[in-house]
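What follows is the residue order along each chain.
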Number of protein chains: 2
Amino acid sequence: MVQLDDLDRAILRILKEDARLTISEIAERLNRPESTIHFRIKKLQEKGIIDRYTIVLGKDLQPKALAVVYIQAETPIIEDFLERYILHIMKTLSLLPNVLAVARSGRDGVIALIGEESQEKLNRFVDETIKVLPTLKRVEVLPITDITKGNGIVGFLVDV
Amino acid sequence: MVQLDDLDRAILRILKEDARLTISEIAERLNRPESTIHFRIKKLQEKGIIDRYTIVLGKDLQPKALAVVYIQAETPIIEDFLERYILHIMKTLSLLPNVLAVARSGRDGVIALIGEESQEKLNRFVDETIKVLPTLKRVEVLPITDITKGNGIVGFLVDV
DNA sequence: TATGAAAGACATCATGT
DNA sequence: ACATGATGTCTTTCATA
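Residues numbered from 1 in each chain as written. Chains lettered and ligands numbered in written order. Predicted model: local features only at pLDDT ≥ 70, side-chain atom pairs only at ≥ 80, totals over all residues. Heavy atoms only, no water.

*Asks:* For this particular structure, what's the right way to read empty space enclosed by the protein?
*Replies:* The gaps of empty space that remain are located by a probe, the size of a water molecule, rolled over the atoms. Enumeration over the complete set of coordinates arrives at 1 cavity of 30 Å³ or more. By volume, the largest cavity is sized at about 360 Å³. Around the largest cavity sit 26 residues that line it, and A:Val68, A:Leu113, A:Ile153, B:Leu113 and B:Ile153 are the ones nearest its centre. Every element with two or more residues in the lining of the largest cavity is listed here: β2 (65-73), β3 (99-105), β4 (109-116) and α6 (153-157) of chain A together with β3 (99-105), β4 (109-116), β6 (146-149) and α6 (153-157) of chain B. Tallied by class, the residues present in the lining of the largest cavity amount to 23 nonpolar, 2 polar and 1 charged. (1 Å grid on protein atoms, 1.4 Å probe; cavity = no way out; pocket = protein on both sides within 12 Å on 5 of 7 lines; lining within 4 Å. Points joined across faces, edges and corners; volume = space filled by probe spheres on them. Helix = DSSP H or I, 4+ residues; strand = E, 2+ residues; numbered from the N terminus. Nonpolar A, V, L, I, M, F, W, Y, C, P; charged D, E, K, R; others polar.)

Encoded structure:
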């Protein structure tokens, strides 16, 4: 379906590290003419291999305390209620700026990545906004102490 | 510590959406002169508010099955062993291309975001690579069915 | 698809309001 | 903070292989 050669991959790797490098700089690093690099990048964009260009924000704007929160809803008698309830929770959380990411997990679960200025605020948020939700079976808070791979994820997600 | 005004925030929001817009395009959208936009962006970069520029890869290169895995180690008699064991697990996972992110959670926990081509492969990975680790107290697999906020996270993290 | 050359668009910087 | 203009660099296009 997608066929990338070594040159494509090399370009993608470079752009992932620094998407502001000029075509001539990339061309120089890869020992290819500028027009070739330009052509490849254009194709990668057209095919949607490169979805978009973005910025990663620095530490200053990032929350200092992070946690993954797993929310599991009580299974109700009426199946259809669960579905709507889960969607409601997800929509609600998605609107909050300190909720960096929201995902569904199975039929009855929601995973959220929460960011706050301090551990206290984070705990308070979990207590006052999540644990108060009705008919939950389980709320698991997994604090994030430090990120070893996929750092930059916070600067990528954080709202401004 | 960091003081951003509305213009700074507007610029950051625009760049987050499309970091390849030219300064003149941004200037036009915000009804400001190009020189001002240029100056602001330069400052934002110098201050590290903008950490870096990058690309988000499209669906084609993204894993189809995702899961958050929480790994908790058994608390040993010797405290120092736990520390080194956790670091070892994190380093090991970080090297694998299908492990998109690795974070530490408290003294005895590791959180990993796993991506695979299929649900079966993902299960196999958990069984054969994670559950075989010795002296674990708990392994919790939270499959991700679908992402409602922070989509793009996968295209941001995925290796090429 | 790859390349080289040429044209146009752009970022950058200095200077002044 | 904004305006203007000068400069060099980069992107983009196109003709050709």
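*Asks:* Got a minute to help me understand the protein's contact with DNA strand C in this structure?
*Replies:* In the region of DNA strand C, the neighbouring residues are A:Arg20, A:Pro33, A:Ser35, A:Thr36, A:Phe39, A:Arg40, B:Thr22, B:Ile23, B:Ser24, B:His38 and B:Lys42. Taking all atoms of DNA strand C within 4 Å of the protein, the share assigned to sugar and phosphate is 72%. In this structure, a phosphate oxygen belonging to DNA strand C sits 3.4 Å away from a side-chain N or O atom of A:Arg20. Within the contact set of DNA strand C, a phosphate oxygen lies 2.5 Å away from a side-chain nitrogen or oxygen of A:Arg40. Among the secondary structure elements, those contributing two or more residues to the surface near DNA strand C are α3 (34-46) of chain A together with α2 (23-30) and α3 (34-46) of chain B. Counted by class, the surface near DNA strand C contains 3 nonpolar, 5 polar and 3 charged residues. (Near = heavy atom within 4 Å. Polar contact = N/O pair within 3.5 Å; in protein donor to acceptor, adjacent residues only side chain to side chain.)

*Asks:* Explain the UniProt feature "domain: HTH asnC-type" (unreviewed entry) in chain A here, please?
*Replies:* When the UniProt feature table is mapped onto this chain, "domain: HTH asnC-type" (unreviewed entry) is found at residues 4-67 of chain A. Along residues 4-67 of chain A one finds 52% helix and 17% strand; the C-alpha atoms at either end are 36 Å apart. (UniProt positions renumbered as here; feature names shortened; annotations may be inferred.)

*Asks:* When you look at a nonpolar patch on the surface in this model, what are you seeing that I'm missing?
*Replies:* Residue and element names in this part refer to chain A. A contiguous nonpolar patch, built from Ile77, Ile78 and Phe81 and spanning about 390 Å² of accessible area, is present on the exposed surface. Summarising the element assignment, Ile77 is placed in the loop between β2 and α4 (79-94). By relative accessible area, Ile77 is classed as exposed at 86%. (Patch = residues over 30% accessible without salt bridge, like charges linked within 9 Å, V, L, I, M, F, W, Y side chains within 5 Å. Areas by Shrake-Rupley, 256 points an atom, 1.4 Å probe, with all protein chains shown as cover. Salt bridge = Lys/Arg side-chain N within 4 Å of Asp/Glu carboxyl O. Buried < 20%, exposed > 50% of the residue type's maximum accessible area, 1.4 Å probe, protein only.)

*Asks:* Please explain the interface of chain B and chain A as it appears in this structure.
*Replies:* You'll often see interface size given as the accessible area lost when the parts meet. Each partner contributes residues to the interface: chain B has 62 residues there, and chain A has 62 residues. A per-residue breakdown of the area chain B buries against chain A is headed by B:Lys16, B:Ile55 and B:Lys149, which together make up 16% of the total. Linking chain B with chain A are 4 salt bridges. Note that B:Lys149 is salt-bridged to A:Asp159, the shortest N-O span being 3.7 Å. At the junction of chain B and chain A, the tally comes to 38 residue pairs in polar contact (both at pLDDT 80 or more). Those elements giving two or more residues to the side of chain B that touches chain A turn out to be α1 (6-17), β1 (50-57), β2 (65-73), α4 (79-94), β3, β5 (136-144), β6 and α6 of chain B. Of all the elements, β1(B) adds the most residues to the side of chain B that touches chain A, at 8 residues. Direction of pairing for strand β6 (residues 146-149) of chain A relative to β3(B): antiparallel, over a ladder of 3 bridges. (Contact = heavy atoms within 4.5 Å. Buried area = accessible area lost by both parts, 1.4 Å probe. Pairing = 2+ DSSP bridges.)

*Asks:* Explanation requested: the protein's contact with DNA strand D in the structure shown.
*Replies:* What surrounds DNA strand D is the set A:Thr22, A:Ile23, A:Ser24, A:Glu34, A:His38, B:Arg20, B:Arg32, B:Pro33, B:Ser35, B:Thr36 and B:Arg40. A:Ile23 is positioned with one of its backbone polar atoms (N or O) 2.7 Å from a phosphate oxygen of DNA strand D. Within the side chain of B:Arg40, one N or O atom sits 2.7 Å away from a phosphate oxygen of DNA strand D. Going through the elements one at a time, α2 (23-30) and α3 of chain A together with α3 of chain B are the ones with two or more residues in the surface near DNA strand D.

*Asks:* Please explain the packing of α2(A) against α3(A) as it appears in this structure.
*Replies:* Any two packed helices are characterised by how steeply their axes cross, that is the angle between the axes, and by the distance between the axes. All names here are of chain A. Contact geometry of α2 with α3 gives a least axis separation of 8 Å together with a crossing angle of 110°. As far as their axial angle goes, α3 and α2 are roughly perpendicular. Here α2 contributes Ile23, Ser24, Ile26, Ala27 and Leu30 to the contact with α3, which in turn contributes Glu34, Ile37, His38 and Ile41. Counted by class, the contact of α2 with α3 contains 6 nonpolar, 2 polar and 1 charged residues. (Axes fitted to C-alpha atoms, helices over the stretch in contact; angles between N-to-C directions. Parallel < 35°, antiparallel > 145°, perpendicular 65-115°, else oblique.)

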